[in-house]
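# Fold and contact review
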Amino acid sequence: MVNLFVRAVKVDLNQIRKMSGVAENLNSILAKVTAAYEGLPKESRPDKAPRLVAVSKTKPIELIIEAYNAGQRHFGENYIQEICEKSVNPELLEKCPDLKWHFIGNCQSNKVPPLMKCPNLCVVETVTSQKLASKLNNQAKSRDMMLSVMVQINTSGEENKNGLDETEGVQCGKFIKEQCANLNLLGLMTIGNLGNSLAANTKGENPDFTKLIEVRKKLSQEIGIKESDLELSMGMSNDFEEAIRYGSTNVRVGSSIFGARNYPAKPNPDSDPAKPNPDTVAQSMQNVSLDAEKK
């Protein structure tokens, strides 16, 4: 039964490139990014068009390669284990030599060493403490490299969201600028409230985006640089166009490019993990078959 399931998965993966539509989705998103950017008044438009980070968490390397072949270079991952595994994948290293990884998930200090071993690590967008910044800086120094980072701000104040408040964010940004010689303070990042994003589509106002702009202004004044020298990473699949109109320079889009994410099923606490559940295996085979038919 297990062997049949494995073969079914392999058949499904072999069809991914033909049926995924990743290249088409990517081109559609890029066109919308360009249109939103070019629609800005010239006097308030950033010097460069926003960077698109394709969020590839839970997605197989076949889809990453397809996006790369379509011209995409910046990819985002949320989980330490996943970025560590993907970044050393021989096929990705061979076929995607210019790939640039953005880490956009929660990073505990003890996970910094494995994260910093990842080839082609470009940006850590989720610095949430001076302690974490120090760990990243020390690792970067030991590797004789510069690492770009962003300070994550919890603009919505939600308890289930990572990130610093306004005051803490400014302090952390100042700490990085003044005491972390091997870190490049690229800017600020936020994961806003979904309700605010949906409301902004009709009302045209998003308090999370406004808050991040305010924090950038205060941080730029505190460290004595221009506001435009600090990037804003805000905007995802639901609201990246609105974010660009607010001045975002870095948008993170996943499901609109790669499709709905495939999260692993949660284990049943009442079952014996050493024994495979025939019903679960059968259902998994059926899901694979259905997915193949839909694509």
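Just above sits the structure.
Scoring rules and cut-offs
Residues numbered from 1 in each chain as written. Predicted model: local features only at pLDDT ≥ 70, side-chain atom pairs only at ≥ 80, totals over all residues. Heavy atoms only, no water. Helix = DSSP H or I, 4+ residues; strand = E, 2+ residues; numbered from the N terminus. Buried < 20%, exposed > 50% of the residue type's maximum accessible area, 1.4 Å probe, protein only. Contact = heavy atoms within 4.5 Å. Areas by Shrake-Rupley, 256 points an atom, 1.4 Å probe, with all protein chains shown as cover. Pairing = 2+ DSSP bridges. Phe/Tyr/Trp six-rings, centres within 6.5 Å; stacked < 30°, edge-to-face > 60°. Lys NZ or Arg CZ within 6 Å of the ring centre and 35° of its normal. Salt bridge = Lys/Arg side-chain N within 4 Å of Asp/Glu carboxyl O. Right-handed = clockwise from strand over helix to strand, strands pointing away. Axes fitted to C-alpha atoms, helices over the stretch in contact; angles between N-to-C directions. Parallel < 35°, antiparallel > 145°, perpendicular 65-115°, else oblique. Left-handed = near helix turned anticlockwise from the far one by under 90°. Nonpolar A, V, L, I, M, F, W, Y, C, P; charged D, E, K, R; others polar.

## Focus: the overall build of the protein
Across its full length, the protein carries 14 helices and eight strands. In the protein, which comprises 295 residues, the share counted as buried stands at 43%. A separation of at least 24 residues holds for 66% of the contacts in the protein among residues at least 6 apart in sequence. Total accessible area on the protein is roughly 15600 Å²; 49% of this is exposed by carbon and sulfur atoms.

## Here we look at the pairing of strand S5 (residues 147-152)
With six of six residues buried, S5 is to be regarded as a mostly interior element. Side chains Leu-147, Val-149 and Val-151 of S5 all project onto a buried face; the interleaved residues Ser-148, Met-150 and Gln-152 project onto the opposite face, where all are buried too. With three bridges joining them, strand S4 (residues 121-127) and S5 adopt parallel strand pairing. What sits directly across from Val-124, in S5, is Val-149. Pairing between S5 and strand S6 (residues 183-189): six bridges, direction parallel.

## Quick notes on the packing of aromatic side chains
Tallied over the entire structure, the rule returns two aromatic pairs. When the ring of Phe-209 is compared with that of Tyr-246, the centres are 5.5 Å apart and the planes differ by 65°; the resulting orientation is edge-to-face. Of this pair, Phe-209 sits in helix H11 (residues 207-223) while Tyr-246 sits in the loop between helix H12 (240-245) and strand S8 (250-253); the two residues are 37 residues apart in sequence, bridging distant segments of the chain. Taking relative accessible area as the criterion, Phe-209 reaches 2% and is therefore assigned buried. Judged by relative accessible area, Tyr-246 falls into the partly exposed class, the value being 21%. A cation over an aromatic ring shows up here: Arg-45 above the ring of Tyr-37, its NZ or CZ 5.3 Å from the ring centre. Seen from the ring of Tyr-68, Arg-73 lies directly overhead, with NZ or CZ sitting 3.7 Å from the centre.

## Points about the pattern of salt bridges
A full pass over the atoms with the stated rule returns 10 salt bridges. As a salt-bridge pair, Glu-166 and Lys-211 come within 3.0 Å of each other at their nearest N and O atoms. With Glu-166 in helix H9 (residues 166-179) and Lys-211 in helix H11, the pair connects residues that are 45 residues apart, well separated along the chain. Take Lys-211: its relative accessible area is 28%, and that puts it in the partly exposed class. Here Lys-174 makes a salt bridge to Glu-222, at a shortest N to O gap of 3.1 Å.

## With respect to the pairing of strand S1 (residues 51-55)
Consecutive side chains of a regular strand alternate in pointing toward one face of the sheet and then the other. Counting buried residues in S1 gives four out of five residues, a clear majority hidden from the surface. Inspection of the sheet shows S1 paired to S8 by four bridges, in the parallel sense. By the bridge assignment, Leu-52 is partnered in S8 with Val-251. Bridge analysis of S1 against strand S2 (residues 74-77) gives two bridges, and the strand direction is parallel. The residue of S2 that forms the bridge with Val-55 is Gly-76. This β-α-β element, S1 to helix H4 (residues 61-69) to S2, shows right-handed connectivity.

## Side note on the environment of Ser-129
With respect to the secondary-structure elements, Ser-129 resides in the loop between S4 and helix H8 (130-142). With relative accessibility at 25%, the residue Ser-129 sits in the partly exposed group. A sequence separation of 22 residues divides Ser-129 from Val-151, and the C-alpha atoms of the two residues are 8.3 Å apart. Filtering out sequence-adjacent residues up to four positions away, Ser-129 remains in contact with Leu-164 and Cys-172.

## Focus: unusual backbone geometry
Backbone geometry places Thr-58, a non-glycine residue, at a positive phi of 70°. When you line up the elements, Thr-58 lands in the loop between S1 and H4. On the basis of relative accessible area, Thr-58 is assigned to the buried category, the value being 19%. Although it is not a glycine, Asn-120 adopts a positive phi angle of roughly 65°. Since its relative accessible area comes to 34%, Asn-120 is described here as partly exposed.

## Topic: the packing of H9 against H11
Running from N to C, H9 and H11 point in directions that differ by 40°, and their axes come no closer than 9 Å. It follows from the interaxial angle that H9 and H11 lie oblique. The two elements H9 and H11 cross, and the hand of that crossing is right-handed. Here Glu-166, Val-170, Gly-173, Lys-174 and Lys-177 of H9 come into contact with H11, specifically with Lys-211, Val-215, Lys-218, Leu-219, Glu-222 and Ile-223. The residue makeup of the contact of H9 with H11, split by class, is four nonpolar, one polar and six charged.

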